[in-house]
Amino acid sequence: MHGAVELYGAFGEEGAQKLIELTNNKIAIGYVTHKPEQDQLFAGFFSNFDR
């Protein structure tokens with residue numbers, strides 16, 4: 001089995017780890033993240049999609 005999955009950042013490290021375990025570490029699992037000092041910028045950007 002080969003492949004890679006890039007998760008939405010909300011899955012976090014814990015969610016990525018669960019998937020790594022579920023796939024018996026045979027699929028590359030990553031997750032998107034950003035630096036905490038940019039939280040306000042991300043919150044402002046994504047608040048435009050709450051409508």
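## A word on the overall build of the protein chain
Part 1 of the argument: Helix and strand content of the protein chain: 2 helices and 2 strands.
Part 2 of the argument: What you see in the protein chain, going N to C, is helices and strands ordered as β-α-β-α.
Part 3 of the argument: Relative to the 2.2 N^0.38 estimate, which gives 10 Å for 51 residues, the radius of gyration of the protein chain is 14 Å and therefore markedly larger than a compact globule would have.
Part 4 of the argument: Counting only C-alpha atoms and orienting by the principal axes, one finds that the protein chain spans roughly 40 × 25 × 15 Å.
Part 5 of the argument: Counting only residues that meet the buried cut, the protein chain has 16% of its 51 residues in that class.
Part 6 of the argument: Roughly 4500 Å² of accessible area belongs to the protein chain as shown, and the carbon and sulfur atoms make up 57% of that amount.
Part 7 of the argument: Separation between the mean location of the 4 positive side-chain charges and that of the 7 negative ones in the protein chain comes to 4 Å.

## Concerning the pattern of salt bridges
Part 1 of the argument: Taken as a whole and judged by the stated rule, the model has 2 salt bridges.
Part 2 of the argument: Measuring nitrogen to oxygen at the nearest pair gives 3.6 Å for the salt bridge that ties Glu14 to Lys18. In this pair, Glu14 and Lys18 are both assigned in helix α1 (residues 12–22), 4 residues apart and thus about one turn of the helix distant.
Part 3 of the argument: Relative accessible area serves as the criterion here: at 58%, Glu14 is assigned to the exposed category.
Part 4 of the argument: By relative accessible area, Lys18 is classed as partly exposed at 48%.
Part 5 of the argument: Taking the shortest distance from any N to any O, the salt bridge between Glu37 and Lys35 comes out at 3.3 Å.
Part 6 of the argument: Here Glu37 falls in the exposed class, since its relative accessible area comes to 59%.

How each quantity is defined
Residues numbered from 1 in each chain as written. Predicted model: local features only at pLDDT ≥ 70, side-chain atom pairs only at ≥ 80, totals over all residues. Heavy atoms only, no water. Helix = DSSP H or I, 4+ residues; strand = E, 2+ residues; numbered from the N terminus. Rg over C-alpha atoms; globule rule 2.2 N^0.38 Å. Buried < 20%, exposed > 50% of the residue type's maximum accessible area, 1.4 Å probe, protein only. Areas by Shrake-Rupley, 256 points an atom, 1.4 Å probe, with all protein chains shown as cover. Lys, Arg positive; Asp, Glu negative; His and termini not counted. Charge placed at Lys NZ, Arg CZ, Asp CG, Glu CD. Salt bridge = Lys/Arg side-chain N within 4 Å of Asp/Glu carboxyl O.

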